[in-house]
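Read off the chains here:
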Amino acid sequence: MPDTGLMPVAARTAPVAAGEVVVIGLGYVGLPIALEAAAAGFSVTGFDLDPTVARAAEAAGHGRGGSGRLTATADPRSLPRAETWLICVPTPLDATGRPDLSLVAAALATCRANLAPGALVCLVSTCQPGATNGMCRRALEDDGLLVGRDVFLAVSPERENPGGPTPGPRHTPRLLGAPDPVSMARARAFWERITDCVVPVATPEIAECAKLLENTYRLVNIALIDELHRGFAALGVPTRAVVEAAATKPFGFAPFWPGTGAGGHCIPVDPAFLQMELARVGAPSAMLASATEANRARPARILAAVEHGLGGSLAGRRVLVLGVTYKPEVPDLRGAAPVALLRALTARSAEALWHDPVLGETPPALSHLHRVTDLAAAAPDAVILGTPHRAYGQVPITALAPLVFDPFGLLPPDPSGRVRAV
């Protein structure tokens, strides 16, 4: 039997997980897990540094069924001495493009100050390979405790898909790695109560690398299809029809779609964790570096096409970006390529306009730019489809401006040249 690195599935004789759970970080990862744990009967305390987020999480918990409960706080002094601690904080890149693990370090300090005897700490945040057995273990053992005897440690990387069809943590398979058998048993006892499928792996590093591979795979394929979109357009072949045709193959192909570039908190970020560790051991990936750079440069390539279409200069031209969030139907600007487009338009002296139906209040990052509320009265020189929200299916986009630039290949071709694939 080939060695897959997966642990054999043994009879479920692990101890029953204790009932007091703390979830640190109540964003798109932590809140669904906290709600699921409460629904499964745990007594859950959510912790987030933002009091508004904590209050919203507690309100969400009141609307859910289950035999447990969910409370939330922004005050670390009010946290219970819980038996299970889940770290679900963001791990962004810093100003130099390197992973920033300061929030994970702070979360570990919070755990250490409040651990019950024999508690489990599980890292859910995305980190570099070695983080569980390295920084997490060191932090927990700093006071003389021993992992596997006095405190238990595991990693189960997040697999949330904001705005997507994935039905939450209950129905999403969870990878689970631990540095010792007792920690694994303790972690399985918890996760098997709130998810239908736990996939144990032999080491924490396997789980950490698998998470990074998942999003590196996506980054590389998104960069590929964004590049081919330009080539297919030059050939006069609609990219989406090509992908749809290829996707009828029942093996060896997964569809990816062109766009403005991968944004958000995962795809542009997670590969940097992997590349950092590969470089540390002298094996950086040239293909990953190329895909990362291609994704970073995607907005600039779109802008170059707009500039060319408008006669070689953007100065004084009104350019409207339709949709500015990083993905459809998700009100999140982190890593959003349309925001990069707006900044670049401004830097080239264009009058940058934006419209987005899923954003409520204007975000501070866009407050200096003109937000369009009436598309019919905008009168731009050009339109760029930035994020294809569902609402735009009811908008006559091609009638909004003399030129419309479509990075997604969604608009029907126009013999007059008004619609341009980029």
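An unreviewed UniProt entry lists the chain under the name UDP-N-acetyl-D-glucosamine dehydrogenase, with Neoroseomonas lacus given as the organism. Recorded under Sequence similarities (unreviewed entry), the UniProt text for the chain is reproduced unchanged: "Belongs to the UDP-glucose/GDP-mannose dehydrogenase family."

Chemist: I would appreciate a short explanation of the nonpolar core in the present structure.
Modeler: The nonpolar side chains of a soluble globular protein tend to be buried, and buried together. In this structure, Ile-24, Trp-85, Ile-87, Leu-108, Leu-115, Val-121 and Leu-123 are the most contacted members of the largest nonpolar core, which totals 34 residues. When contributions to this core are tallied by element, the ones reaching two or more residues are strand S1 (20-24), strand S4 (84-87), helix H3 (102-114), strand S5 (120-123), helix H4 (132-141), strand S6 (152-155), helix H6 (204-235) and helix H8 (270-280). If you look at the next biggest cluster of nonpolar residues, it comprises 30 residues, including Leu-70, Leu-120, Phe-152 and Val-198.

Chemist: Is there a simple way to explain the UniProt feature "domain: UDP-glucose/GDP-mannose dehydrogenase C-terminal" (unreviewed entry) in the chain in this structure?
Modeler: The sites that carry the UniProt feature "domain: UDP-glucose/GDP-mannose dehydrogenase C-terminal" (unreviewed entry) are, in the present numbering, residues 320-413. Split by type, residues 320-413 is 12% helix and 19% strand. Its first and last C-alpha atoms lie 20 Å apart.

Chemist: What is the right way to read the pairing of S5 from this model?
Modeler: One face of the sheet, then the other: side chains in a regular strand alternate in exactly this way. Every second residue of S5 is oriented toward a common face, with Leu-120 and Cys-122 on one face and Val-121 and Leu-123 on the other, all of them buried. Sheet topology note: the S4/S5 ladder contains 4 bridges and is parallel. In the strand pairing of S5, Trp-85 is matched with Val-121. With respect to chirality, the unit in which S4 leads through H3 into the neighbouring parallel S5 is right-handed. Where S5 lies against S6, 4 bridges are found, and the strand directions are parallel. Considered in S6, the bridge of Leu-120 is made with Phe-152.

Chemist: Please clarify how the pairing of strand S13 (residues 403-406) should be interpreted in this entry.
Modeler: Every second residue of S13 is oriented toward a common face, with Leu-403 and Phe-405 on one face and Val-404 and Asp-406 on the other, all of them buried. Sheet analysis places strand S12 (residues 382-385) next to S13, joined by 3 bridges and oriented parallel. Of the residues in S13, the one forming a bridge with Val-383 is Val-404. Relative to strand S14 (residues 419-421), S13 is paired through 3 bridges, and the arrangement is parallel. By the bridge assignment, Val-404 is partnered in S14 with Val-419.

Thresholds, definitions, all that
- Residues numbered from 1 in each chain as written.
- Predicted model: local features only at pLDDT ≥ 70, side-chain atom pairs only at ≥ 80, totals over all residues.
- Heavy atoms only, no water.
- UniProt positions renumbered as here; feature names shortened; annotations may be inferred.
- Core = buried A, V, L, I, M, F, W, Y, C linked by side-chain atoms within 4.5 Å.
- Buried < 20%, exposed > 50% of the residue type's maximum accessible area, 1.4 Å probe, protein only.
- Helix = DSSP H or I, 4+ residues; strand = E, 2+ residues; numbered from the N terminus.
- Pairing = 2+ DSSP bridges.
- Right-handed = clockwise from strand over helix to strand, strands pointing away.

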